[in-house]
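Examining the three-dimensional arrangement
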Amino acid sequence: MSRDPMRRITPIAAACAALLALGAAPRAATAQDSATAASRPVERIEVTGSRIKRTEDEGALPVQVISREEIVKSGVTTAAEVLRNLSGNSGGLSDGGSINTGGYDQKGFNSANLRGIGTSSTLVLLNGRRMANFASPGDDAGVDLNSIPAAAIERVEVLLDGASAIYGTDAISGVINFVTRKDYTGAEVNVYVGDTQEGGAGKRTASVTAGYGTLAENGFNVFGVFDVQRTDALSTSQRGFIQDLKIAERLPHLLSGYTSPANLDLSDEQFEYLRDQGLLVGGELINSHRINFSAPGCNPPANLHLPGGVGGAQGCTYDYMRDTELYPKSEKLSFLGRAVTELGGGHDLFAEVALARAKTWYVGSSPRLNKYYIDYSQVPELAGFTGLEAIDPDIRLRLRLTDAGRRASELTSTSQRYVVGMSGSVGDWDYEWGLNHSVSEVADRDTHGYLLYDKLIDGLDSGLINPFAPNTAEALAYIDSIQINDVVRRARGTMDSLDFNASRTLGRLPGGAASLALGGEIRREKTSFNPSALLMSDNINNDDAPEGGTATSDQRRVAAVYGELALPVTKKLELQLAARFDHYEGVGNTANPKVGLRYLASPDLLLRGSFGTGFRAPSMTDLHRPTQYSSTSTLPDPVVCATAENGYAECADSWETRRYSNPDLKPERSRQFSLGTVFTPHPLWSVSLDYWNIQKRDVISEIGDDVILGNLDKFEHLVHRYNEDEGLADCDYDPDDPEICYIELRKENRGRQKASGLDVVVEMKGLKTAVGVFGARLSGTWMLESKQQPSPELGYISNLGRFVTDSVVQRWRHRLSLDWERGAWSASVGNTYYSSYDDQNSAIDTENGSVVAKNRVKAYSLWDLSGAYEFSKAFTLRAGVQNVFDTPPPFSNQAYYFISGYDPSYTDPRGRFFYVSARYQFR
């Protein structure tokens with residue numbers, strides 16, 4: 001059966017299609033229908049965080065709303081780009097951060113991360129309902145933002161109040177609800193074309209929206225939105241700021257000792273013999289254990305002579321930042337269809353179909369050959385030193401296979417979501433139920449630069465492939481013949497659920513009508529991971545097989561019930577009480593309360609507060625995924641450095657890691673509260689300030705590889721060396737070799753995590769002047785605390801204003817926008833700001849072994865500008881510039897991401913970007 005979501009048919013999909021057809025069918029409005037429409041009450045608002053509809057703009061819980069108008073003015077076109085402008089979102093996964101080579105199972109995953117406490121603690125909804133999590137197993141569980149049909153977004157509602165007793169107690173850091181258009185009529189066409197000033201990363205998008213019918217006049221509505229986007233790749237060679245970062249000079253320890261021509265690593269005995277024999281390298285007597293006979297010339301531009309680098313004084317160092325991509329090429333398709341029809345008697349039947357496919361092409365550096373030893377006689381410069389035969393004829397080769405081309409992979413992520421449901425009234429109760437079938441599928445294909453390992457070794461052993469000089473046409477043809485183009489990983493995740501809720505008024509209190517909402521959900525979650533036979537053969541160079549050797553398939557059932565009360569105790573004071581009970585199969589039960597308070601101190605001043613608890617069950621990949629083989633960025637090992645005079649050539653490397661799941665994990669539990677105020681001193685102005693505090697215990701995490709190597713007195717047991725254990729699997733025991741075989745990264749319940757901060761929103765709307773109407777909005781987050789224990793018995797490590805392991809939480813982040821309108825003209829200026837912070841600082845000084853001088857990453861501020869002219873009610877043209885001042889990413893020495901020299905998780909390497917968009921509406 002086809003894996004294309006545009007073709008797959010399921011029972012729920014068939015029901016949705018039938019309802020879409022039903023909604024499209026002409027239907028005469030009866031007198032009863034007209035009477036029903038006329039009797040409809042003024043619609044109240046259901047705000048994310050409550051199932052009780054209300055007319056107030058502000059409730060007890062802090063909710064930020066990003067409107068469609070704001071999205072258009074900022075010039076962004078994807079859900080991930082929308083959330084990049086959200087100050088409370090910190091450390092989410094991105095395309096830039098996914099640039100890697102081999103074995104990274106969550107490439108292509110774009111995620112949200114409210115408060116910086118983990119993607120898995122942020123609940124992402126589409127129209128108030130869940131979606132299937134990104135299918136590929138990995139450290140993070142969450143919805144892929146690529147599966148959100150961006151062109152259909154009407155607004156984004158962000159509940160910044162921690163766990164929700166309404167939508168799910170796993171929403172520890174908050175809820176992001178993407179609300180799409182509803183009841184749309186007419187047609188609309190949007191096109192968008194953009195390109196960068198320096199070239200690369202161009203973007204083209206187009207969307208078509210069409211709808212027909214209204215409930216009031218026709219008794220039905222049906223509409224659909226189709227969106228297509230394409231983004232071009234961006235290579236390091238296309239950006240001048242890469243050279244300005246001076247990565248080779250500032251971060252030589254983060255580069256690679258695998259070069260072309262190949263470096264040779266000599267043992268102590270080989271080194272002493274060759275030195276006694278007077279071997280020269282670059283005209284000088286051999287004085288280093290790592291040598292390259294092309295030094296000091298090496299093979300520029302990517303292969304450099306850096307005496308302080310990992311190549312050493314007589315070897316070469318490979319700067320992969322001169323041979324990779326900064327931003328991947330991608331293609332995104334999405335469709336959202338929705339239909340609703342009246343059934344009479346106050347009941348509506350609705351259906352929704354959301355389909356998306358994202359293809360992303362990742363291109364990294366050229367491949368390297370690990371742990372290969374060559375006979376000395378195959379090295380032309382050493383062939384005459386026959387004494388090596390008696391000492392040790394095998395010399396370790398560190399080869400970069402540039403003739404194989406750069407490593408490239410194609411990641412295809414598809415999603416499907418079908419919802420059928422009803423809403424209406426029965427007696428005093430308003431109700432809604434929905435049946436939801438959601439699917440995420442991921443296919444990861446190695447397309448170039450990955451070679452059959454056994455054939456590669458055959459080519460080297462036979463002498464056909466020359467690791468020291470340009471290869472012959474015959475060798476190049478052989479290398480091309482062993483290239484792999486194969487889907488090496490497939491993953492699939494499904495979620496089937498039935499949810500319901502009902503609400504009614506219970507009677508009157510001094511402040512108004514008390515309201516009750518009841519609801520529940522039953523869902524089944526399934527995941528499967530299928531590595532290819534080729535991958536499991538462990539015969540792909542630079543793409544290791546996961547340990548375990550078999551595909552995995554897991555499922556569990558979850559059931560929940562909840563209740564909510566809105567109690568207007570007085571005209572000024574309202575209480576919101578909620579509680580939720582969840583049962584996770586195989587994990588256990590949990591009951592979590594929520595208390596909210598809203599007090600209108602005066603017509604201009606609102607006070608609010610809330611308290612709740614949360615519970616996050618370990619994901620099925622946390623519990624059961626196969627062991628993942630990967631590697632660190634190039635990091636120094638203090639143990640080896642202490643015996644090698646702190647020379648990077650001998651003690652810094654990309655150490656192998658093994659990431660383990662854990663079937664014995666306990667759930668995370670949390671407690672959070674918030675206190676805030678909304679002040680409206682003038683009809684045009686409003687100011688909100690909210691303090692929030694989140695505390696988690698039994699946090700599910702790994703200890704970062706940089707934390708492990710920086711604290712070996714505590715974590716040496718996680719570092720497995722060749723001289724430690726004669727029976728260690730896949731580690732050739734050598735009592736004289738203290739080098740790292742692999743670092744163990746294992747999921748555990750590791751102590752506590754704390755985060756707190758202040759959210760501020762200042763907004764001005766509709767200021768009329770002689771030169772036009774002005775508006776302004778500032779949304780910012782000031783972090784007060786962000787820290788976590790690596791284990792229960794140890795103290796906290798703070799990543800507030802400091803990069804630790806994989807991310808930083810900046811002290812201050814904001815989004816500022818200024819708007820102007822006059823007649824048919826309008827303009828908008830925006831600013832996104834991230835404050836400065838202390839860098840990772842994981843390097844070791846080559847002189848004395850101390851940590852190098854601290855680096856502080858500069859504040860990062862991006863300005864954008866757009867203007868529009870409305871030629872008519874139907875046609876609007878907009879032009880804009882993102883990153884007006886062409887601000888490059890600030891220098892960082894972070895050692896987590898494959899990209900070096902800056903942090904790709906929040907920065908934009910594209911530079912100044914120009915775009916033009918047009919909208920035409922048919923009404």
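Residues numbered from 1 in each chain as written. Predicted model: local features only at pLDDT ≥ 70, side-chain atom pairs only at ≥ 80, totals over all residues. Heavy atoms only, no water.

Helix and strand counts for the protein chain stand at 17 helices and 45 strands. Its C-alpha atoms give the protein chain a radius of gyration of 30 Å, near enough to 29 Å, the size a compact globule of 923 residues would have. On the principal axes, the C-alpha backbone points of the protein chain span a range of 105 × 60 × 60 Å. A total of 923 residues make up the protein chain; the buried ones form 58% of that total. Relative to all contacts within the protein chain whose residues are 6 or more apart in sequence, the contacts with residues 24 or more apart total 72%. When the accessible surface of the protein chain is split by element, carbon and sulfur atoms take 54% of a total near 35800 Å². For the protein chain, the separation between the mean place of its 93 positive charges and that of its 116 negative charges on side chains is 10 Å. (Helix = DSSP H or I, 4+ residues; strand = E, 2+ residues; numbered from the N terminus. Rg over C-alpha atoms; globule rule 2.2 N^0.38 Å. Buried < 20%, exposed > 50% of the residue type's maximum accessible area, 1.4 Å probe, protein only. Contact = heavy atoms within 4.5 Å. Areas by Shrake-Rupley, 256 points an atom, 1.4 Å probe, with all protein chains shown as cover. Lys, Arg positive; Asp, Glu negative; His and termini not counted. Charge placed at Lys NZ, Arg CZ, Asp CG, Glu CD.)

This next bit is on the side chain of Thr876. On the secondary structure map, Thr876 appears in strand β44 (residues 875–882). A relative accessible area of 14% means that Thr876 is categorised as buried. Here Thr876 is in contact with Ala868, Tyr869, Glu870, Ser917, Ala918 and Arg919, once residues within four sequence places are set aside.

The next thing to look at is the nonpolar core. In terms of nonpolar packing, the biggest core is built from 38 residues, with Ile242, Met321, Leu326, Ile708, Leu709 and Tyr902 touching the most fellow members. Mapped by element, the contributors of at least two residues to this core are α6 (240–244), α7 (247–250), β15 (325–327), α16 (705–710), α17 (712–715) and β34 (740–746). By size, the runner-up hydrophobic cluster in this structure holds 31 residues, among which are Ala262, Val281, Leu399 and Ile479. (Core = buried A, V, L, I, M, F, W, Y, C linked by side-chain atoms within 4.5 Å.)

This part is about the state of the cysteines. One pass over the full model with this rule turns up two disulfides. Covalently, Cys298 is tied to Cys316 through a disulfide, its sulfur atoms 2.1 Å apart. Across the S-S bond linking Cys298 and Cys316, the dihedral sits near -95°, which makes this disulfide left-handed. Taken together, the residues span a long stretch of sequence, with Cys298 in the loop between β12 (290–291) and β13 (303–304) and Cys316 in the loop between β13 and β14 (317–318) at a distance of 18 residues. Take Cys298 and Cys316: they sit in the same class, and that class is buried. Bridging Cys731 to Cys741, the disulfide has an S-S length of 1.8 Å. (Disulfide = S-S within 2.5 Å.)

Another aspect to go through is the pattern of salt bridges. One pass over the structure, following the stated rule, counts 49 salt bridges. Two residues, Asp232 and Arg230, come together in a salt bridge whose shortest N-O distance is 3.8 Å. The partly exposed category is assigned to Asp232, whose relative accessible area is 23%. Here Arg417 ties to Glu352 by a salt bridge, and the two come within 2.7 Å at their closest N and O atoms. A residue pair is termed long-range when its members are at least 10 positions apart, and Arg417 in strand β20 (residues 408–426) and Glu352 in strand β17 (residues 347–363) qualify at 65 residues. Since its relative accessible area comes to 4%, Glu352 is described here as buried. Three or more residues are tied together by salt bridges with common partners; here these are Glu521, Arg523, Glu525, Arg556, Arg580 and Asp582. (Salt bridge = Lys/Arg side-chain N within 4 Å of Asp/Glu carboxyl O.)

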